[in-house]
Every structure is written in C-alpha cells, then in structure tokens.
Amino acid sequence: MQKYISASEAVATIPSHTRVYVQAAAATPSVLTHALAQRAPDLRGVEICHLHTEGPAPYANPALYASFHVNSFFIGKNVRHTLSAGNGSYTPVFLSELPRLFRKKVIPLNTVFIHVSVPDKHGYCSLGVSAEATPAAIEMATTVIAQVNPSMPRTFGDTNIHISKIDYLVEVNEPIFGNELSPITENENKIGGYIASLIDDRSTLQMGIGSIPNAALANLHNHKDLGLHTEMFSDGVIDLIEKGIINCKFKGTVKGRALATFLIGSQRLYDFVNDNPFIEMRESSFVNDTAVIRRNPKMVAINSAIEVDLTGQVCADSIGTRMYSGVGGQMDFIRGASLSEGGKAIIALPSITKRGESRIVPYLKEGAGVVTTRSHVQYIITEYGIADLYGKTLQQRAKALINIAHPDHREKIERAYFDNVQMSRSEHAIINNHEY
C-alpha cells in the first residue's frame, strides 16, 4: 500500500456516515480538513468531532449540513455558529475523560486526522504540540491519516507514533498555528499580582492561555523552585524556565519535568519545546487526572470564568443558554489543586465585561452552566482583590465577592442578592406555618 499520497487521495478513503476525530489546537491538520470539505458533494452524514481547533473550519459551513455534522468537545470560535445553525452539537466532557470515551467505544471512531513531525531515522513521528485525546483516538480509530510537516516540533512523552501505525501520510510544509502574546493591561497586571501573592516557593502551577495567566507569570520572577503541571502553556513560561525559576525539582508527579497536554504560542515557544526533554506532552487522561494532579504538593490551579455568582458558582462554558466554550479541564485542576497538600484553586477574571457589565453577579444568567460548583471554589480574584471563599457561609461569600466587584456595580448586586434572600426567608416562614 502506498503510504505517501495527496490530501485529496487520503480523504477519498472516508465513506459517508462515519466519524472523524481531528487533532486539536495548534496541531490542527488543516490541509486534511480543507480537503475533506472539498468532498462535501460526495459525502453524507460524516460527523467531525474535536476539541478547540485553530484556523478556518470549512466543514462547519451550515450550507454543508447534509454532508458534515460538527460534534464539539470544546467549542472554538470557528465552529460556535454551528450550534445555532443546526449543523453542530456540543458534548460536555471533562478533558481527563475524553480518551476514556474513545477507548470504551462510547464514541466509536472510524478515522483520525493527525499532524506530525517528519519521521526520524527510526521511523518515529511526533504529535508535537498537541497530545490531548489524540493517542486514544489513534489507538481506537480504524484509519489514521497524518499531515506530515517539518515545522511540527518533536516533543517527548505520549506523542511518539511509528510510521507503521499510520495508514496514509500527506506531506505539507507550512507554519503550524500560533498566537503572539497580547500586551498586559493595568487591570490584568493587578490580577496577576494578586495571583502571584498566593503562590509560595516550590509550588506547582497550572494556568491557561491569555493575558491574565501571562500577567501572573510576569509577577513570579522573584519566586524559587516552581513546578509546571498544566493542561497547556504558552510563551509566558519560557523566561521562568530559562532562569531556573521553574525547574520542577519539588513536584510530586514526574519530578524534573514540565507536563502539558497541548501547547499554543509563538514560534519562539515551538522552537523552545522542539527536542527538549524537560517538556513532556502527555495524554489528557494522565495530565488532567485529579489523582495525578493532587500528588503535586502546593498545586496551584489558575483558571478563569465568564461570570461568578455571589454563592461562588462559576460559569465558564456558556453565556446564559448560549454555549460558548466547554468544560475543558477546569474542574480536573480545581479539584486536584484543592486536594493537594498546601494546594490552592484560583478563579481569576476582570470585574466587568468589555461592555461594562459586572462579571460578579447576584445570580447566574438563566440557563448558564455551572462548571465549578460553589462547594469546590476556593479563591476568586479580580483587579479589586482576593475573595477567599473556602469554608465560608453563603452570606460571608456574598460579602467577600461584593467587595471585589466593580465599585459601580456593588450596591446593585448587594441589593438584588439580599432582597431575594429576605424573600426566601419569608417564603420559608410561610411554609413552616403551613400557609400554603
């Protein structure tokens, strides 16, 4: 069988009414997905499933609804429209459990699209900057189609795949997807400073992408002996690793190595991780496993939210009934950090939206999803300070969160919340007096 073929020849092997998994994030194999979209007239009922992917998603065009249906395990901007257009669905799942759904055949896979480095002299390619659930998908799929690219970094961990495990290879030569760091605003720097104040020396960090995690990292240059065990990271960690501030000496899981399950950043990041044994890319079933995370002493999980209500409920995946992103790994790390010896679970967010609306709210919007429950939450941080909710009553939580809301909204939030509490007490009294 000829392994090296064109993209159009590779996707011609995919029949109608099958399921395709696409490798995620910066490793999105876009040459293959574009070629598949070109086959739309010949196909019906092909389900394309994936986590967040980068770049255009032509198969997500609502006009192609008869050919393709998008099943998102985490909703990216490029496919968000499919949920309202009717050619897409969302499957809520912890990132730690997605590989299990494949291996248990709860979601059987026919084909997997991957994006790999050029084979080495031993015939091994690398999945490079994105492991997530892809090793499980490769294991369970009937057909493996790889986009082979000299631009893909070679990484260590669960990313090695021998050419014998790949059915078809499509040669490309183009940059992988990347993001440059955005400038840090004054408020983001304040939030980063508050986060850094909670991080002790010898802590192990988990953080996401964006200005707030980068602001926190920028405030850690006087810390010592930090570790890294995170779902993903970007450029912000490079300087800390090169200066020896992040050295992973005191981790409890894979000591001496930084763990992640996918990466996205600039070319500097991709050059840094290429052939770098300090970085291990592991499947999300390991990196995001609460039992594995908690073995790191002083584990610090830094995550964000869309809104937080005054009882501590964290909505991070939807705006009211409109799905926006997904569960991802937030709860995996919130719980893992909470159970870690000396660990801290942090939700950090600006106090208001770009439209000036408060993100600390009396009640979540109707239909909003709770990703982190009020019983799991520990620290909430805005540019106005830190609310420590651990072990606090609902009334104590409300007061602490009002204090870190934007000053322009505090009175309104407080009135809305406590007026409703008073009403609830009245209703409770009526029920106790059997007046119903």
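Per chain, residues are indexed from 1 in the order of the written sequence. Local features are withheld for residues below a pLDDT of 70 in this predicted model, meaning they are given only at 70 or higher, and side-chain atom pairs are given and counted only at 80 or more; totals for whole chains, interfaces and linings count all residues. Calculation of side-chain values draws on the structure's entire complement of heavy atoms; hydrogens and water are dropped beforehand.

What follows deals with the pairing of strand β25 (residues 385-388). Only protein chains enter the area calculation, which uses a 1.4 Å probe; residues under 20% of their type maximum are buried, those over 50% are exposed, and those in between are partly exposed. Only DSSP runs of H or I with at least four residues qualify as helices, and only runs of E with at least two residues qualify as strands; both kinds are numbered from the N terminus onward. Side-chain alternation along β25 places G385 and A387 on a buried face and I386 and D388 on a face that remains uncovered. Bridging between strand β24 (residues 379-382) and β25 involves four bridges; their strand directions are antiparallel. Bridge pairing in β25 places Y379 opposite D388. From the end of β24 to the start of β25, which pair antiparallel, there are two residues. Pairing between strands is defined by DSSP: at least two bridges between the two strands are required.

Time to look at the confidence of the model for the chain. For every residue, the predictor reports its confidence as pLDDT, a number between 0 and 100. Taken residue by residue, the chain gives an average pLDDT of 94. The fraction at 70 or more is 96%. Residue contacts are defined here by distance: any two heavy atoms, one from each residue, within 4.5 Å place the two residues in contact. Contacts for the low-pLDDT stretch residues 427-432, under 50 throughout, to residues beyond four places or in other chains number two contacts.

Spatially, β12-β11-β17-β22-β24-β25 is the arrangement adopted by the six strands of the open sheet, whose pairing is mixed. In this open sheet, the two strands that pair with only one neighbour each are β12 (227-228) and β25. Two elements, strand β17 (residues 299-303) and strand β22 (residues 344-348), share four bridges in a ladder whose sense is parallel. Of the residues in β22, the one forming a bridge with I302 is I346.

Let us now look at the pattern of salt bridges. Criterion for a salt bridge: a side-chain nitrogen of Lys or Arg within 4 Å of a carboxyl oxygen of Asp or Glu. Following the criterion strictly, the structure yields 12 salt bridges and no others. A salt bridge links R103 to E139; its shortest N-O distance comes to 3.0 Å. Residue R103 is located in helix α4 (residues 98-103), and its partner E139 is located in helix α5 (residues 134-140); the two are separated by 36 residues in the primary sequence. With its nearest N and O atoms 2.8 Å apart, the salt bridge here joins R103 to E283. Placement of R103 in helix α4 and of E283 in the loop between β16 (279-281) and α10 (284-287) is noted, with a sequence separation of 180 residues between them. Under the relative-accessibility criterion, R103 is labelled partly exposed at 33%. Since its relative accessible area comes to 5%, E283 is described here as buried.

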